[in-house]
Amino acid sequence: LVVPVQTLRRWLLAEGLWSRQRQRKQHRRRRARKEHLGELVQMDGSHHDWFEGRRAWAVLMVLIDDATGRTYARFFEEETLVAALAMFHGYSLKYGFPQAIYVDRAGIYRSDREPTSAELLAETEPQTQFGRAMEELQVRLILAGSPQAKGRVERMNRTLQDRLVKALRQRGISDLATANKFLEEEFLGPFNKKFEKTPAQAADLHRVVTKMLDLPRVLAVQEERVVQNDWTVRWNNAFLQLQRGSGLQPGQRVTVCDQLDGRVRLFS
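For clarity, every value in this text was computed on a predicted model and none was experimentally measured.

A. A look at the side chain of Arg 132. Relative to the helices and strands, Arg 132 is located in helix α4 (residues 129–136). In contact with Arg 132, other than residues within four places in its own chain, are Gln 127, Val 218, Ala 220 and Gln 222.

Okay, structure coming up:
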């Protein structure tokens, strides 16, 4: 059936299938900075040719304070759970625990698995290892809904891809250990002094890392296991042999903590 365009348009309008209103794109405006230092930090990994072919590509993990723009950064081979935990560990020892951390929706931070029966009963969402650690440390984990949502750290990545790449080239640095030492001892201090903003409020909301807290245990890969009849615990395709005088009994559930320093510890 062939009809004029305007006739078809009138029919669609009469049936409510055509709207006269133009569809406008959603307007996005830059979110205002938080008012306090330590109120919110954003974290992201930038996979880039940081060494301009002098070695393979690497990831620069960046933590930036939302209120001031103060930046903490470190190189890793890949953006992994271990890298994310190590970044947060280093930042916390230097500045303290922030109130909240803003990250993307990568599998490191967001769990896609189905909730367990215990989680259904408790009405809690499945967690990643990183999410579990943030909950234990009382740091609110916020998952960004879009790349624009964490635009501050994205813009910082672009700035570092210019300035840091040039600095590494001038020093002839081509390995991660030397690059991280350069970041800590020479680059980040002057960089932050130049770009850091004054927060709207003077109070620092970072919480102090107390000596009472076993931070290596929290910032570790933790999984529950059962002690076997021969006093062993299976972990990573190997068996951990326990001493019979350890106080643990066959059938008992324990938590295995695989720490960033390479130690494996068990807790009942």
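Having seen it, we continue.
B. Main features of the sheet that holds strand β4 (residues 100–103). Pairing is mixed in the open sheet, where five strands are placed in the order β3-β2-β1-β4-β5. Of all strands in the sheet, those with a lone pairing partner are β3 (71–76) and β5 (140–143), marking the two edges. This sheet shows a mean twist of 20° between the axes of neighbouring strands, independent of strand direction. Taken together, the six bridges between strand β2 (residues 58–65) and β3 define a ladder with antiparallel strand orientation. Of the residues in β3, the one forming a bridge with Met 61 is Arg 74. Helix-sheet contacts for helix α2 (residues 81–95) involve β1 (41–48), β2, β3 and β4, and the interaxial angle to β3 is about 145°. Contacts between α4 and the sheet are confined to β1, β4 and β5, with β5 contributing the most and set at about 140° to the helix.

C. Seen up close, the sheet that holds strand β9 (residues 253–258). Strands sit in the order β6-β9-β10 across an open sheet of three strands; the sheet is antiparallel. Taken across any chain shown, the strands that pair with only one partner, and hence form the sheet edges, are β6 (221–226) and β10 (264–267). In this sheet, adjacent strand axes meet at a mean angle of 30° when their direction is disregarded. Across six bridges, β6 lies against β9 in antiparallel orientation.

D. The packing of aromatic side chains, seen in detail. Tallying each qualifying case throughout the model produces nine aromatic pairs. Taken together, a centroid distance of 5.7 Å and an interplanar angle of 75° make the contact between Trp 50 and Phe 75 edge-to-face. In this pair, Trp 50 sits in the loop between β1 and β2 while Phe 75 sits in strand β3, placing the two residues 25 residues apart along the sequence. Aromatic pair Tyr 109 and Phe 130: ring centres 5.2 Å apart, planes at 85°, arrangement edge-to-face. Here the residue Tyr 109 occupies a position in the loop between β4 and α3 (117–122), and Phe 130 occupies one in helix α4, the gap between them amounting to 21 residues. For Phe 130, a relative accessible area of 0% translates into the label buried. Just above the ring of Phe 267 sits the side chain of Arg 217; from NZ or CZ to the centre is 5.8 Å.

What counts and how
Residues numbered from 1 in each chain as written. Predicted model: local features only at pLDDT ≥ 70, side-chain atom pairs only at ≥ 80, totals over all residues. Heavy atoms only, no water. Helix = DSSP H or I, 4+ residues; strand = E, 2+ residues; numbered from the N terminus. Contact = heavy atoms within 4.5 Å. Pairing = 2+ DSSP bridges. Axes fitted to C-alpha atoms, helices over the stretch in contact; angles between N-to-C directions. Phe/Tyr/Trp six-rings, centres within 6.5 Å; stacked < 30°, edge-to-face > 60°. Buried < 20%, exposed > 50% of the residue type's maximum accessible area, 1.4 Å probe, protein only. Lys NZ or Arg CZ within 6 Å of the ring centre and 35° of its normal.

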